[in-house]
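Architecture at a glance
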Amino acid sequence: MSDVEADATALSSRRLRLGVMPTASGAPDDERAWMNPDEPVDASINPEWYRQIAGLAEEGAFDLLFVADAVFADPKGPPHYLSRFEPFTLLSYLAALTSKIGLVGTVSSTYQHPYNIARMMLSLDHLSRGRAGWNVVTSLSDQAARNFGLAGQIDHHTRYARAEEAIEVVRGLWHTHRPDSFPRDRSTGRYMDAATVRALDHRGEFFDVAGPLNIESSPQGEPVIFQAGQSPQGLRLAAATADAVFAMPTSITASIDYRSRLREAGSQTDANRPDPRLFARLIVLVTDDGAEDAALKAYWQRHGTWDRMAERVAAAIGRPVADGGPIRDEDIERAMAHEGTWLAEPLAAGASRGASVESLIDGLLAQTQLVVAGSAASIARTMLTWHRENAVDGFILQVSDVAQFRRFVEEVVPELRRLGAFRHEYPESATLRGLLGLAAPDGP
């Protein structure tokens, strides 16, 4: 029995969590997904495409479906970013087509008012019977700012200070009603118990909000709050307010380091607050045995990622990477001068074993994004190794290919179950908070 299999029993009390992030026509690292002839060319605004993804995810008993978003369109950006659904419109549609899976949507705390956010979130939470989550972002880009009447992006510190207050207001509004605030007693004619309702009366640096909210309390206590903080201020906000964090580490070491920094940030705010669940983004290519290297290289080339990395390395070292010759001392020196240690160190290691520059491109790509190719068994082992090392609590799969996602659900998920690391079915009454093993909050 392998180490991973031996640890499966110990993991049973700390199950692996799985989410799916549909990126349809192609997001970063997957920009040419729309060229796949097996997918609809308009996948990003194709309701049937999203229905398939949600259905497969629920068939696999996934914890959640995650919808990323931005509030601007860059003509030079990935196809999925040019024409896609607004998250809560899409999630409301999917709420009617699913019954168990969590539904997490992205809303900007910079460009949406907390009252609207609180109301949208609880509306989705009731429509889905307790399966809603809010991914809090502060938004990037002057393009976004100009869409909301600003000359340029608000500075980083102010955006995060505003986000902290926005979360405080949203959570406060979520608790302006108690679970028993609406008796709806026809025999007495009492619809609402006004004595159980409180006004918020928030007065802050960015918001003045009276309350109460005009929708009753959450079926799951509170919708789940996600964040993706990377900067010191973002980490502090995530540690202080998030139930779960979505990160993009490319190695176990990087993920453990991220979790450590998140915990350190938490110790500076509230040492008694539970750690947020940590999810890592993952792109999976399920292959037959022995085909993983070819599948990975085909993936890099299909999306132009391999070419872009080769061009970047060539620009740094001042010569083409495809000449097949060994790595030279001057290559390493130029790499250090133009790109730094991330490139110079792998070149030096490659030179010691007589490798060519071209042969290192795949390894360099692996430092920039987490793409795992292999058989169902090998992918399951890789995921459980991350989990066993406490690098993550789960993964969110970036998906643009329905056939590949079906293979994951039909081949990898059963392997994870065989190893005792993932649920066989949903619990009878599934809320997102319950699926993630999160305690019901006491309130703000």
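For the structure itself, consult the block above.
Read on for an overview of the structure. If you're wondering where the values come from, they're calculated on a predicted model, not measured in any experiment.

Concerning the packing of helix H3 (residues 47–59) against helix H4 (residues 87–97)
Taken N-terminus to C-terminus, the directions of H3 and H4 make an angle of 55 degrees; their axes are 10 Å apart at the nearest point. One finds that H3 runs oblique with respect to H4. The hand of the H3/H4 crossing is right-handed. Residues Pro-47, Glu-48, Tyr-50, Arg-51 and Ala-54 of H3 pack against Leu-90, Tyr-93, Leu-94 and Leu-97 of H4. Classifying every residue of the contact of H3 with H4 gives 7 nonpolar, no polar and 2 charged.

Focus on the pattern of salt bridges
Taken as a whole, this structure holds 17 salt bridges when the rule is applied. A salt bridge links Glu-216 to Arg-184; the shortest N-O distance between them is 2.4 Å. Of this pair, Glu-216 sits in the loop between strand E6 (208–209) and strand E7 (224–227) while Arg-184 is found in the loop between helix H7 (156–174) and strand E5 (202–203), placing the two residues 32 residues apart along the sequence. Residue class for Arg-184 comes out partly exposed when judged on its relative accessible area of 38%. Put simply, Arg-418 and Glu-415 hold a salt bridge, and the shortest N to O gap is 2.7 Å. You can see Arg-418 and its partner Glu-415 sitting in helix H16 (residues 402–418), 3 residues apart, about one turn around the helix. We classify Glu-415 as buried; its relative accessible area is 17%. In this structure, a network of salt bridges that share partners links the residues Asp-288, Arg-407 and Glu-411.

Here we look at the packing of aromatic side chains
The description of two aromatic rings rests on the distance between their centres and on the angle between their planes. All chains considered together, the criterion is met by 11 aromatic pairs. When the ring of Phe-62 is compared with that of Phe-405, the centres are 5.4 Å apart and the planes differ by 85 degrees; the resulting orientation is edge-to-face. Remark: Phe-405 occurs in helix H16 and Phe-62 occurs in the loop between H3 and strand E2 (64–67); sequence separation between them is 343 residues. Neither Phe-62 nor Phe-405 differs from the other in exposure class; each is buried. Measuring from ring centre to ring centre gives 5.9 Å for Trp-386 and Phe-395, while their planes differ by 65 degrees; the resulting arrangement is edge-to-face. Three or more aromatic residues joined by ring pairs form one cluster here, namely Phe-66, Phe-226, Phe-246 and Phe-279.

Topic: the environment of Leu-213
With respect to the element layout, Leu-213 can be found in the loop between E6 and E7. Residues Leu-213 and Thr-176 lie 37 residues apart in sequence; the distance between their C-alpha atoms is 6.4 Å. Beyond its immediate sequence surroundings of up to four residues, Leu-213 is in contact with Tyr-115, Ala-118, Arg-119, Leu-122, Leu-173, Trp-174, Thr-176 and His-177.

Some thoughts on H4
Every α-helix carries 3.6 residues per turn, so stepping three or four residues along brings you back to the same face. Considered for burial, the residues of H4 that qualify are Pro-87, Phe-88, Leu-90, Leu-91, Leu-94 and Ala-95. With its buried residues spanning 150 degrees around the axis, H4 presents them on a single face. Across H4 from its buried face, at more than 90 degrees, point the exposed residues Thr-89 and Ala-96. In this fold, the buried residues of H4 make contact with H3, E2, strand E3 (102–108), helix H5 (114–127) and strand E4 (132–137). Two or three places before Phe-88, at the start of H4, stands the capping residue Glu-86, its side-chain oxygen 2.9 Å from that residue's backbone nitrogen.

Re unusual backbone geometry
Omega for the bond connecting Gly-211 with Pro-212 falls within 30 degrees of zero, at 0 degrees, which places this linkage in the cis form. With respect to the helices and strands, the residue Pro-212 is situated in the loop between E6 and E7. Of note, Ala-24 is a non-glycine position whose phi angle comes to about 45 degrees, a positive value. Mapped onto the secondary structure, Ala-24 falls in the loop between strand E1 (17–22) and H3. The buried category is assigned to Ala-24, whose relative accessible area is 2%. The residue Ser-141 is not glycine, and still its phi comes out positive at about 90 degrees. For Ser-141, a relative accessible area of 17% corresponds to the buried category.

Each value, and the rule that gives it
Counting of residues starts from 1 at the beginning of each chain's written sequence and follows it residue by residue. With the structure being a predicted model, the display of local features is reserved for residues of pLDDT at least 70 and the display and counting of side-chain atom pairs for 80 or more, all residues being used for whole-chain, interface and lining totals. Excluded from the side-chain calculation are hydrogens and water; included are all heavy atoms of the structure. Lines fitted to C-alpha atoms define the axes, with helix axes restricted to the stretch in contact, and inter-axis angles between N-to-C directions lie between 0 and 180 degrees. Only DSSP runs of H or I covering at least 4 residues are called helices, and only runs of E covering at least 2 are called strands; the numbering of each starts at the N terminus. If an angle is under 35 degrees, it is roughly parallel; if it is over 145, roughly antiparallel; if it lies from 65 to 115, roughly perpendicular; otherwise it is oblique. Here a crossing is called left-handed whenever its near helix is offset anticlockwise from the far helix by less than a right angle, and right-handed whenever the offset is clockwise. Only heavy atoms matter for contacts: two residues are in contact if any of them lie within 4.5 Å across the pair. Polar here means any residue outside two lists: the nonpolar Ala, Val, Leu, Ile, Met, Phe, Trp, Tyr, Cys and Pro, and the charged Asp, Glu, Lys and Arg; Gly therefore counts as polar. Put simply, a salt bridge is a Lys or Arg side-chain nitrogen that is within 4 Å of an Asp or Glu carboxyl oxygen. Using a 1.4 Å probe on the protein chains alone, a residue whose accessible area is under 20% of its type maximum counts as buried, one over 50% counts as exposed, and one in between counts as partly exposed. Between 30 and 60 degrees the pair is tilted, below 30 it is stacked and above 60 it is edge-to-face, where a pair is any two Phe, Tyr or Trp rings, Trp via its six-membered ring, whose centres lie within 6.5 Å. Comment: arc refers to directions from the helix axis out to C-beta atoms. For this analysis, a polar contact is any N or O atom pair within 3.5 Å, provided that within protein one partner can donate a hydrogen and the other can accept it, and provided that sequence-adjacent residues contribute only side-chain to side-chain pairs.

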